[in-house]
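Here's the letter readout for the chains.
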Amino acid sequence: MSEPLLVLQGLSVAYGGIAALEEVTLTVAQGEAVALLGANGAGKSTLVKAVMGLVAPSAGRMRFAGVDLRHLSTLARARLGLGYCPEGRRVFPGLSVRENLEVAARVDKTTRRRRLDAVLAVFPALAARADARAWQLSGGQQQMLALGRALMGQPRLLLLDEPSLGLSPILADELLEKVREIAKAGTAVLLAEQNAAKALAVAGRAYLLEVGRVVREGASAVLAESAEVRKAFLGG
Amino acid sequence: MELLQLVIDGVSLGAAYALVALGFVLVLNATGAVNFAAGDLVMAGGFAAVALAQALPLPGLALLPLVLLLMAALGLVFSGLAYFPLMRRPPTAVFISTIALGVILQNAANAIFGAAPRKAPALLGEHLYHLGGLSIGRQSLAIVAVAAALVLAQHLLFARTQLGRSLRATAQDRETAEALGIPTLRMIALTFMLAAALAGAAGLLLANRYFVEPTRGNELIVSAYMAVVIGGWGSLPGAVLAALLIALFQVIVSAYASYTTATALLYAVLLAVLLLRPKGLFGEAIGRRV
Amino acid sequence: MRGWISTGIRLPLAALAVALAAYPLILGNAYSFRLATLAGIYALLAIGYQLIFGYAGALSLAQGCFFGIGAYVSAILASRLGWSFLLSFPLSLAAPVALAAVVALPVLRLESHYLALATLGVAQVALLAAVNWQGLTGGANGIAGIPPIAVFGARVPDGWPLMLVVWLFAAAGAFLAWHLMRGLYGRMFHLMRENDIAATALGIDRARLRLAAFLFSALYAGAAGALYAHSVGVISPGVLEFPVMVTCLAMAVIGGSARVSGAILGAVLLVHLPEWFRVLDNSYLIAYGAALLVVIIVAPWGVIGAVERLRARLLPELPPEPPAPRMTTLRAHAGSGGAPLLEVEGLAIAFGGLRALDGITFSVRPGELLGLIGPNGSGKTTLVNVVSGLYRPSAGRIRFAGQDITDTAAYRRARLGLARSFQSTSLVPEMTALDSVALGRAALEGTGLASALASGWRCAHLARARGHAMALLDALGIAAFAERRCGELPHGIKRRVEIARALALEPRLLILDEPAAGLGTGEAADLRGRLQRLAQGGLTLLIIEHNMPFLMPLAERMICLDDGRLIAEGKPAEIRGHPRVIEAYLGRTAWAGVRE
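Residues numbered from 1 in each chain as written. Chains lettered and ligands numbered in written order. Predicted model: local features only at pLDDT ≥ 70, side-chain atom pairs only at ≥ 80, totals over all residues.

### Digging into the overall build of chain B
Then, number 1: Each helix and strand in chain B was counted, giving 11 helices and two strands.
Then, number 2: When the helices and strands of chain B are listed from N to C terminus, the series reads α-α-α-α-β-β-α-α-α-α-α-α-α.
Then, number 3: A compact globule built from 290 residues should have a C-alpha radius of gyration of about 19 Å, and chain B, at 18 Å, falls within 12% of that.
Then, number 4: Projected onto its principal axes, the C-alpha coordinates of chain B cover approximately 60 × 50 × 35 Å.
Then, number 5: Here chain B holds 290 residues, and 58% of them are scored as buried.
Then, number 6: Put simply, of all contacts in chain B between residues at least 6 apart along the chain, 76% involve residues at least 24 apart. (Helix = DSSP H or I, 4+ residues; strand = E, 2+ residues; numbered from the N terminus. Rg over C-alpha atoms; globule rule 2.2 N^0.38 Å. Buried ≥ 20, exposed ≤ 12 C-beta atoms within 10 Å, placed from the backbone. Contact = placed C-beta atoms within 7 Å.)

Here you go:
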């Protein structure tokens, strides 16, 4: 068997002396959907940002598609096939929906056009508001846009940082349903989610983080039955 | 009739101010940095036109592309000295570095060209059209036309092209833009080049009727800054509109009272706007950096 | 005295001062005296500028204008009206201070570049007035024939006597500025400059500090301008032009900001720079610009800062003996047990149309330990910011200790006994833990301009505040770190220093925003024990936390926010089993199976 798409080994990150991640080892295989669970401050965001090169690890190795990520800039990682959907959506507020999508496709005009149509087909709600400025969208639509924008680069691995944050339960369901579709279509997904129930429904495998460490990993079906997950969130 | 004459003069001055304000806002949005040397870049553009005209006796319009190119190059150097080394430092550091570069530009101009006012060639020769009781200079019309063309070009570049979208995305959220594969450092350098080119064009436009001297930038930066504050911090159309209003105000009040009164009143207006409507008369631009 | 001179970089500074004084005397020609005189004048100007730019951290561009006004007032009074120096000099100081007082109201409320350009606008108007008000100012030609400094008919001759007089003024100015800033008052400026929100939360009135610094900067500039007019004998509108301001800024930055010695060194260096680079001819300002640029990029702390760093590396000093602890008591709780200490009613706030808080109502009883929980982005920190006065609510009332504080300024709330900590560290890295905590006493000690001016050699306020601080550090088990700089402390210690600082305010209510974030299990347990003891001592606590194992055993009562609304309230055990809390944290569907 060849090496998984993403391999993290002993990854540690510290902010000004505080350990945010400690010796995390994690893999995501080609086309696999993996959930990253944990309470606030467990280190989910930090892990995603470290993979994207937005925070520097203090120790450990990161490989993506067989390439050592250590000395690659964020830009280079994006071009290698990492798609990023940041926490808090962070759509470009002054750009229209269409422009938000277009700007993320660094390809020729025809290909860009084709990808735009494909993404708008996945998100009909966005197609209906293609010319609206992103700041005019509702929270749910913005999250769809951030997701669609990440897809415009046709990533091999999609990094999702708390996509359901601040969404109503119905919207969160709708969004995670899209994520499930994307994963099914063959794009690998690493989903950092606070909403454990929903994330486990989307992902095949999951890791549970607690204060920067992986305390549990396994198939979603198994973790969903675990009282440990519940304890991690509500302090038993 | 006299008022109409003044309005025409004011619009032509305002068109040039608009270019300065535009360059200022572009850099502000892309980097969050206040470029204190924006006025000195205008001055540099004016002297570039003066120097080019000595070598090539051509009308100003023919010199414009050369001035734009030279100034874009200067903008690149500018960003390399005043912005990139200080990217991760508090905004005040960049503010001071642009003050320093402004001082260098001013005194370099003084050393090369001397302190006396100099005149650049008119865009299309000097000629007065008489219309009823009005006399309209060809230069005034040409200034408005060239400025409008440049503002339009900037608008089209930003609104219609992938490069423009990338520039705007970089300005709105640099980190996310980078993570989406947009080369944001290059975009920022390009923004500085564009801003310097626009400032240079303004220099060429102003240096005929209003002359150019090394210390010219000091008043211009205050005018441009006022346009940006009044137009709404970060708003491009607001800045252009406010630049026009400011120039009109200056020209008209100077004619009926004095230049000193006009300037003092303008500063009073600026302070009032800052106090009462800190987001500017036309509201805050969308897409402020978070 | 020997100990005093050998601390910090005072020894090299003293050596430098002697060298500087000797230099013109050795050269002994009229030109070197003139340069040294000019350096003294600029030193005075730059020391004043350090107060507003270096200490208060406000980039005012009006310093050159104040200088020019001082010069013009002296010139007009002395040359035109024939006033004596003893009368004209005080007025030359008063005029720029008066102008500063007038423009301070609109201008000082502005931040960063807004302030810079607004002050530049003031300067431009002054310049225009000088050029155009010909009857008074002589227009572009300026005013000539300004008599030299004379006291009771005795004229100060050019050359070394004038130099001496000017440097006496500079030395007096330097001493005043140093004296003003060396105690607790100066440390208030330091905290305000680095973190104005933390300063406000300690009851420090930022507007007042900035105003004092601005007025003093104008005072110094006026004095420098007056000395300039009398020394040179002729002035023109050039004294109001931008190069004066740029020169002053360059001196402050290159010498080292927030250091009186930096201003003096910067002035001496920059006045002599054109001499050392004669090739530049009249374009010496290019050299100023280049030097300014290089220093800002390479050594933002300036020459003095670089020397200090060098000294710290080559000759590390032993930390001073920490002061003896002084007992601190918690503020008495009038009528505890009765009426709630904090009452929040119908609180709402929106950012750009997004409702961050909506209809929040709760209260905290005296002596209670209330926990506030909620998922990421649910509005916890926003709520604390509204309660502590950083944000104005769009609806609702807040009552504290029986008083409506909805419209009370944040620093006043702190003085009423409402203290808070911050999620991310808000300590000044260069300040010692002891002084950081001592700053919490600033409001209670009534430290201000008057007390700073009147303080004796030993800085009584600072000494007393440090005594209290020592007791608090001791109570939190971190006395050993008292003289360490906050920047080098481990995270867990920093958190405790922040709690100690908030306690120094002798608060009635202490709000802690995620005190356990980033702490290891042992550290968290230790902190919990200490908080428990504080609560037993009668302190009322409101703790935001998402580390449930930390908070659950600690809190007597908890409230939970979700999406800006209060969704649950009750005892920890009730909260843990509350269906809406579980839903907010874990999502709706899959949890039916694992409920207890």
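### Considering the nonpolar core
Then, number 1: Ranked by internal contacts, the top residues of the largest apolar core, which has 406 residues, are Leu 191 of chain A together with Ala 21 of chain B.
Then, number 2: Residues in contact with Leu 191 of chain A, not counting those within four places in the same chain, are Ala 33, Val 34, Ala 35, Leu 36, Leu 160, Val 179, Ala 199, Val 202 and Ala 203 of chain A. (Core = buried A, V, L, I, M, F, W, Y, C linked by C-beta atoms within 7 Å.)

### Some thoughts on helix α1 (residues 44–52) of chain A
Residue and element names in this part refer to chain A.
Then, number 1: Of all nine residues in α1, nine are buried; the element is thus mostly enclosed.
Then, number 2: Lys 44, Ser 45, Thr 46, Leu 47, Val 48, Lys 49, Ala 50, Val 51 and Met 52 are the residues of α1 that are buried.
Then, number 3: Of the residues one or two after α1, Gly 53 is the one with positive phi, at around 85°.

### Considerations on the packing of helix α12 (residues 242–255) of chain C against helix α15 (residues 302–314) of chain C
All names here are of chain C.
Then, number 1: Close contact between α12 and α15 brings their axes to 3 Å; oriented N to C, the two are set at 5°. The orientation of α12 with respect to α15, classified from their angle, is roughly parallel. Packed against α12, whose contacting residues are Val 253, Ile 254 and Gly 255, the element α15 presents Gly 302, Val 303 and Ile 304 at the interface.
Then, number 2: Residue composition of the contact of α12 with α15, by class: four nonpolar, two polar and no charged. (Axes fitted to C-alpha atoms, helices over the stretch in contact; angles between N-to-C directions. Parallel < 35°, antiparallel > 145°, perpendicular 65-115°, else oblique. Nonpolar A, V, L, I, M, F, W, Y, C, P; charged D, E, K, R; others polar.)

### Brief notes about the sheet that holds strand β3 (residues 342–351) of chain C
Residues and elements named next belong to chain C.
Then, number 1: Read from one edge of the open sheet, four strands run β4-β3-β6-β7, paired in antiparallel fashion. Among the strands making up the open sheet, the edge pair consists of β4 (354–364) and β7 (403–404).
Then, number 2: Each of β3, β4 and β6 (395–400) touches helix α16 (residues 380–388); the most contacted strand, β4, lies at about 65° to it. (Pairing = 2+ DSSP bridges.)

### Things to note about the interface of chain B and chain C
Then, number 1: Contact residues are listed per partner, giving 30 residues for chain B and 31 residues for chain C.
Then, number 2: For the side of chain B that touches chain C, the secondary-structure elements that each account for two or more residues are α4 (91–113), α9 (216–231) and α11 (259–276) of chain B.
Then, number 3: Ranked by residues supplied to the side of chain B that touches chain C, first place goes to α4 of chain B with 15 residues.
Then, number 4: Here the residues of the side of chain B that touches chain C sort into 23 nonpolar, seven polar and no charged.

### So, the interface of chain B and chain A
Then, number 1: With 17 residues of chain B at the contact, the number on the chain A side is 22 residues.
Then, number 2: Elements with a contribution of two residues or more to the side of chain B that touches chain A: α6 (162–172) and α7 (174–179) of chain B.
Then, number 3: Split into classes, the residues belonging to the side of chain B that touches chain A amount to six nonpolar, six polar and five charged.

### Remarks on the pairing of β3 of chain C
Residue and element names in this part refer to chain C.
Then, number 1: Taken together, the seven bridges between β3 and β4 define a ladder with antiparallel strand orientation. Its bridge partner lying in β4, Val 344 is registered against Phe 362.
Then, number 2: Of the strand pairs in this sheet, β3 and β6 are connected by five bridges, and their pairing is antiparallel. Looking across to β6, one finds that Ala 348 is bridged to Ala 395.

### With respect to the sheet that holds strand β2 (residues 18–28) of chain A
Residues and elements named next belong to chain A.
Then, number 1: Overall, antiparallel pairing links the four strands, which are arranged β2-β1-β4-β5 in an open sheet. Looking at which strands have only one partner, the edges of the open sheet turn out to be β2 and β5 (67–68).
Then, number 2: Bridging between strand β1 (residues 6–15) and strand β4 (residues 59–64) involves five bridges; their strand directions are antiparallel. Note that in β4 the partner of Val 7 across the bridge is Arg 63.
Then, number 3: Relative to β2, α1 is tilted by about 70°, and along the sheet it contacts β1, β2 and β4.

### Some words on helix α13 (residues 260–276) of chain C
Residue and element names in this part refer to chain C.
Then, number 1: If you check α13, its first and last C-alpha atoms are 24 Å apart, about what 17 residues at 1.5 Å a residue would give, namely 24 Å.
Then, number 2: The complete set of buried residues in α13 reads Val 260, Ser 261, Gly 262, Ala 263, Ile 264, Leu 265, Gly 266, Ala 267, Val 268, Leu 270 and Val 271.
Then, number 3: Buried residues belonging to α13 abut α2 (10–27), α3 (30–55), α8 (160–181), α12, α14 (284–298) and α15. (Expected span 1.5 Å × (residues − 1).)

### A closer look at the environment of Gly 46 of chain B
Then, number 1: Examined against the element boundaries, Gly 46 of chain B turns out to sit in helix α2 (residues 38–55).
Then, number 2: Placed 157 residues apart in sequence, Gly 46 of chain B and Gly 203 of chain B show a C-alpha to C-alpha distance of 4.1 Å.

### Let's talk about the packing of α2 of chain B against helix α8 (residues 184–209) of chain B
All names here are of chain B.
Then, number 1: Viewed as axis vectors pointing N to C, α2 and α8 meet at an angle of 60°, and their least axial separation amounts to 7 Å. The pairing of α2 with α8 is recorded here as oblique in orientation. Regarding α2 and α8, the two cross each other, and that crossing is right-handed. On α8, the residues touching Ala 38, Leu 41, Val 42, Met 43, Ala 44, Gly 45, Gly 46, Ala 48, Ala 49 and Val 50 of α2 are Ala 196, Ala 199, Gly 200, Ala 201, Ala 202, Gly 203, Leu 204, Leu 206 and Ala 207.
Then, number 2: Residue composition of the contact of α2 with α8, grouped by class: 15 nonpolar, four polar and no charged. (Left-handed = near helix turned anticlockwise from the far one by under 90°.)

### Some details on the confidence of the model for chain B
All names here are of chain B.
Then, number 1: For chain B, the mean per-residue pLDDT works out to 88, and 95% of the residues sit at or above 70.
Then, number 2: Throughout residues 284–290 the model reports pLDDT below 50, and contacts reaching past four residues in sequence, or to other chains, amount to 19 contacts.
Then, number 3: In the predicted complex, the global pTM is 0.84; the interface-specific ipTM is 0.91. (pLDDT = per-residue confidence, 0-100.)

### Let's talk about the pairing of strand β10 (residues 213–219) of chain A
Then, number 1: Taken together, the six bridges between strand β9 (residues 205–210) of chain A and β10 of chain A define a ladder with antiparallel strand orientation. If you follow Arg 205 of chain A over to β10 of chain A, its bridge partner there is Ala 219 of chain A.

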